[in-house]
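Below are the chains, spelled out letter by letter.
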Amino acid sequence: MTAPGGPTHTPAGTAELAALVRDASARRARLRIRGAGTWMDAGHPVRDAEPLSLEAFRGVDAHTPGDLTISVGAATTLAELDEVTRAHRQWCPLLPWGDDTGTVGATVATATDGPCAAALGRPRDLVLGVEAVDGRARTLVAGGRVVKNVAGFDLTRALTGSWGTLAVLTRLHLRLRALPPGEESWVLHADDAGVERLRAALDAFARGPLAPMAIVRLGAASAGALGFDGSARALVRVGGNAAFVAESRSRLAACGDARPADPAIWNAVRARLAPEDRARRWDWNALSLRIRERFDPARLLNPGLLGDAA
Amino acid sequence: MPLASGPPSSFRRLRDAPSFPRVNPDAPALAATLARIVGARHVLTRASSLLVYRSDGLPGLERQPALAVFPGSREELVAVMRALAEAEAPFVARGAGTGLSGGALADGVTLLGLHRLKRIIAVDAEARTATVEPGVVNASLSRAVAPHGLHYAPDPSSQTACTIGGNIAENAGGPHCLKYGVTLNHVVRATVVLPDGTLTTLDRGDEGGYDLLGAFVGSEGCFGVVVDVTVRLTRDPERVITLLADFTSVRAAADATSRIVAAGILPAALELMDQATIEAVESSIYAAGYPRDAAAVLLIEVDGAAAGLEDDARAVEAECRGAGAREVRIAHDAAERARLWQGRKKAFGAMGRVAPHLAVQDAVVPRTRLADLLDEIRRIGERHGVRVCNVFHAGDGNLHPNIPYDANDPDASRRVHGAMREIMTRCIAEGGTITGEHGVGLDKLPYMDALFTADTLDAMCTLRDVFDPSRRANPGKVVPVRACREWHAAPAARALAREAVAR
């Protein structure tokens, strides 16, 4: 396969990847990391870089349902992760903006969260450990398969959300959660006169004890993007045991005109209501510059992606 | 925003990297400088007055600081840090000294005590955050925000004494971290002063940036010192149900843990205490009414919305009985609940009755390996002739095998350390880690090579160098010095390096 920047590198394992990074460094070449290719244009354009495909790092390495943890290759898609875990009534609720054709590696590398992040955790909360090759061709094995770990300095946190500018993520260890036994989604409607009352009622609901999995407020444009008319003001997703879901349902009904929604609506929310990419406004403060310089001194990984002059 | 141009920094490669700078260059002169900042009575230099700072919460490790300084305000703290930088003096930050890994010990260097910085600067009940100074005691923060129906969720057993600053340094946990997460999950933003004296604000990078706060939390005082921190507050649960399940074998209790988790229930806490621990607690003033003839008890708490909570409690009870529980008791009121918890939280203290010293351990294994591993720990204890007391966060797989002993008996010490080494080796072999919440400090340094590859340890040194290239902050802790392959020399360190090479 040939792509702009030359033929695509497809290392078969971490040793090959480390050799590739060493070689690129010696040749003064640069590498553009690619998983499924879903966020290649997210930030700033990356020019004059050789494509590096992670397709060899794909699939589930270890899943022990009783531990509620899973280890996957970086190029494993979110759909694959979901299929494997759902078979055990579990999930990894990353649920990032976009869709499930994206990879786990990209979700973690960009720390992309989604509409359920506040309640179910952000990528930064759900990643237990990573394996990676950094810009100095060192193979890093940080964190692990246990849910609590404070051994050593936290490379996992440093690499999560670094957009592949410090290291190439090859493998991720993730925390899983049990799927809630029951789940319902509701769309709340109000006419213009009732908007304020609904907003106040939903604020009180959100502050109350029945913590929902997600509340997404809708404006005219976002309601339209999801195929609702302008009277749709909010989407609410609740999950828990039967008594919890029933109580949530009755409280939402008391908030206003609550109508049941198809759970598939959340895929539409993720696909159509994504906010602007954070990569466009990267904070290049003194420490950011230093961490980039120390882990990738030649700036050979994803050069320019975060606005760092290549 | 272009990146600063220029060639990549050069690295000096030294076969025998010098040790971290260890000795204050000129202690009396430094003490005088610091006294001008904080006042003479907040600087200690006499060996006798420094005695109390020779150890932390972990018995058996002692180091003598050269001097101690206690700033009383944010301005004083920053000025002290700049004076230390000016003097190129290594230092160790310390909160309440309750740590359990020897992390806050200063070996011949300056000890920077932060307990006077105990202001709660702001509470935003609407946004559910509080901004506090590092010396605020964990439990006082929860007490201060209680009128708003809020609390600070991380609850280490030392919470009535330990400070928020120390919690951040260690990324502290606690029983309720099973549901609510560890310290890192509750920190929003921090103003820190770096070892070179620079003031900077760290966050999680959610608005577009590296997760520098995530790297800082848990760095054991090696990256800098917190000036103030904004933490998330948690709403008090509408209802809490606390259960005590009693088992005739440790294995059955561990199995119950797996069954509860597998059933999809996320308790707020799920703690296991074995017979040796029950005996120690029940013989102490902290007696909680645990059944003395049980091989193990589980202390389980479910909390949250009242709706559906009793169903969760019933499911927990059913899983316990399914695993062979003899009895499952539910705390009737707040007083009974507090009593059950006091026994757990004071268990380490209660072990003080058994012997003068206590070897404290903190390892994590995958939950499904708990039952086998507890059997193995018992066998290891028997082989070495020591009594292991297990009291730990079973829901997280976070073990605390503790051994009461007399450190003045060399034979006992040898056997205790032999048993501990074997336990840790076993945990690592099971895919576990050497610390879940206490930190590496000095105590766990010997295990770092077994847990991490040379490349990974080297990268940890790189991460430290981002924040503290001079390596003056808490020298000699967390990562073995020899693991830092490349000595990225700052001027002070470079001078030392040259001397080391010359010698």
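Bear in mind that the values here come from a model prediction, so they are computed numbers and not experimental data.

**Brief notes about the state of the cysteines**
Residue and element names in this part refer to chain B.
Then comes step 1: Inspection of every chain in the model, using the stated rule, returns zero disulfides over all chains.
Then comes step 2: Cys162 supplies the cysteine sulfur nearest to Cys177, a cysteine that is in no disulfide, at a spacing of 11 Å.
Then comes step 3: Taking the relative accessible area as the measure of exposure, Cys177 reaches 6% and is therefore buried.

**Some details on the nonpolar core**
Then comes step 1: By size, the foremost hydrophobic cluster in this structure holds 173 residues, and its most contacted members are Leu174 of chain A together with Phe247, Cys320, Leu463, Phe467 and Val479 of chain B.
Then comes step 2: In this structure, Phe247 of chain B is in contact with Ala252, Ala253, Ala256, Ala294, Ala295, Ala296, Leu298, Cys320, Ala323, Gly324 and Ala325 of chain B, ignoring residues within four places of it in sequence.

**A look at the sheet that holds strand β9 (residues 187-193) of chain B**
All names here are of chain B.
Then comes step 1: Spatially, β6-β7-β11-β9-β10 is the arrangement adopted by the five strands of the open sheet, whose pairing is antiparallel. Lying at the two open borders of the sheet, with one neighbouring strand each, are β6 (120-124) and β10 (199-203). Sheet twist, expressed as the average angle between the axes of neighbouring strands with direction ignored, equals 15 degrees.
Then comes step 2: Across the sheet, helix α4 (residues 138-145) is in contact with β6, β7 (129-132) and β11 (225-232); its angle to β6 comes to roughly 45 degrees.

**Considering the pattern of salt bridges**
All names here are of chain B.
Then comes step 1: Under the criterion given, the structure shown has 56 salt bridges over all chains.
Then comes step 2: Linking Arg326 and Asp293 is a salt bridge whose minimum nitrogen-to-oxygen distance equals 3.0 Å. Highlighted residues: Arg326 in the loop between α10 (309-322) and β16 (327-330) and Asp293 in the loop between α9 (275-282) and β15 (296-304), separated in sequence by 33 residues.

**Points about the domain arrangement of chain A**
All names here are of chain A.
Then comes step 1: Taken domain by domain, chain A holds domain 1 (1-179) and domain 2 (182-272).
Then comes step 2: Summarising the inter-unit geometry, the C-alpha centres of domain 1 and domain 2 are found 32 Å apart.
Then comes step 3: Taken together, the twelve residues of domain 1 in the interface contact nine residues of domain 2.
Then comes step 4: When domain 1 packs against domain 2, close to 820 Å² is buried across both sides, 58% of that on carbon and sulfur atoms.
Then comes step 5: For domain 1, the biggest contributors to the area lost against domain 2 are Gly98, Pro115 and Cys116; these three give 43% of the whole.
Then comes step 6: Applying the counting criterion to the domain 1 and domain 2 interface returns one salt bridge.

**Notes on the interface of chain A and chain B**
Then comes step 1: Chain A puts 64 residues into the contact, and the matching count from chain B is 87 residues.
Then comes step 2: In this assembly, chain A packs against chain B so that about 6,100 Å² is buried in total across both faces, 59% of it on carbon and sulfur atoms.
Then comes step 3: Among the residues chain A hides against chain B, the three largest losses belong to Lys148, Val150 and Phe153 of chain A. Together they make up 16% of the total.
Then comes step 4: Linking chain A with chain B are seven salt bridges.
Then comes step 5: Asp396 of chain B is the partner of Lys148 of chain A in a salt bridge, and the nearest nitrogen-oxygen pair spans 3.8 Å.
Then comes step 6: Run the count over chain A and chain B and you get 24 residue pairs in polar contact (both at pLDDT 80 or more).
Then comes step 7: When contributions to the side of chain A that touches chain B are tallied by element, the ones reaching two or more residues are α5 (123-126), β9 (139-143), α6 (155-159), β11 (177-178), α7 (195-207), α9 (242-255) and α11 (286-295) of chain A.
Then comes step 8: It is α11 of chain A that contributes the most residues to the side of chain A that touches chain B, nine residues altogether.
Then comes step 9: A per-class count over the side of chain A that touches chain B returns 29 nonpolar, 14 polar and 21 charged.

**Side note on unusual backbone geometry**
Then comes step 1: Of note in the backbone geometry, Leu95 of chain A takes a positive phi value of approximately 35 degrees without being a glycine.
Then comes step 2: You can see Leu95 of chain A is positioned in the loop between β7 (90-91) and α3 (104-110).
Then comes step 3: One non-glycine residue, Glu88 of chain B, lies in the positive phi region at around 55 degrees.
Then comes step 4: With respect to the helices, strands and loops of the structure, Glu88 of chain B is situated in the loop between α3 (74-86) and β4 (91-94).
Then comes step 5: Taking the relative accessible area as the measure of exposure, Glu88 of chain B reaches 43% and is therefore partly exposed.

**Quick notes on the confidence of the model for chain B**
All names here are of chain B.
Then comes step 1: Of all residues in chain B, 91% have pLDDT values of 70 or greater, and the mean over the chain is 90.
Then comes step 2: Here residues 1-22 is modelled with pLDDT under 50, and outside its nearest four sequence neighbours on either side it reaches 53 contacts, counting other chains as well.
Then comes step 3: This stretch, residues 487-503, has a pLDDT under 50; its non-local contacts, to residues over four places away or in other chains, come to 25 contacts.
Then comes step 4: Among the prediction metrics, the complex's ipTM stands at 0.96, with pTM recorded as 0.93.

So, how was this worked out
Residues numbered from 1 in each chain as written. Chains lettered and ligands numbered in written order. Predicted model: local features only at pLDDT ≥ 70, side-chain atom pairs only at ≥ 80, totals over all residues. Heavy atoms only, no water. Disulfide = S-S within 2.5 Å. Buried < 20%, exposed > 50% of the residue type's maximum accessible area, 1.4 Å probe, protein only. Core = buried A, V, L, I, M, F, W, Y, C linked by side-chain atoms within 4.5 Å. Contact = heavy atoms within 4.5 Å. Pairing = 2+ DSSP bridges. Helix = DSSP H or I, 4+ residues; strand = E, 2+ residues; numbered from the N terminus. Axes fitted to C-alpha atoms, helices over the stretch in contact; angles between N-to-C directions. Salt bridge = Lys/Arg side-chain N within 4 Å of Asp/Glu carboxyl O. Domains from an automatic or database assignment. Buried area = accessible area lost by both parts, 1.4 Å probe. Polar contact = N/O pair within 3.5 Å; in protein donor to acceptor, adjacent residues only side chain to side chain. Nonpolar A, V, L, I, M, F, W, Y, C, P; charged D, E, K, R; others polar. pLDDT = per-residue confidence, 0-100.

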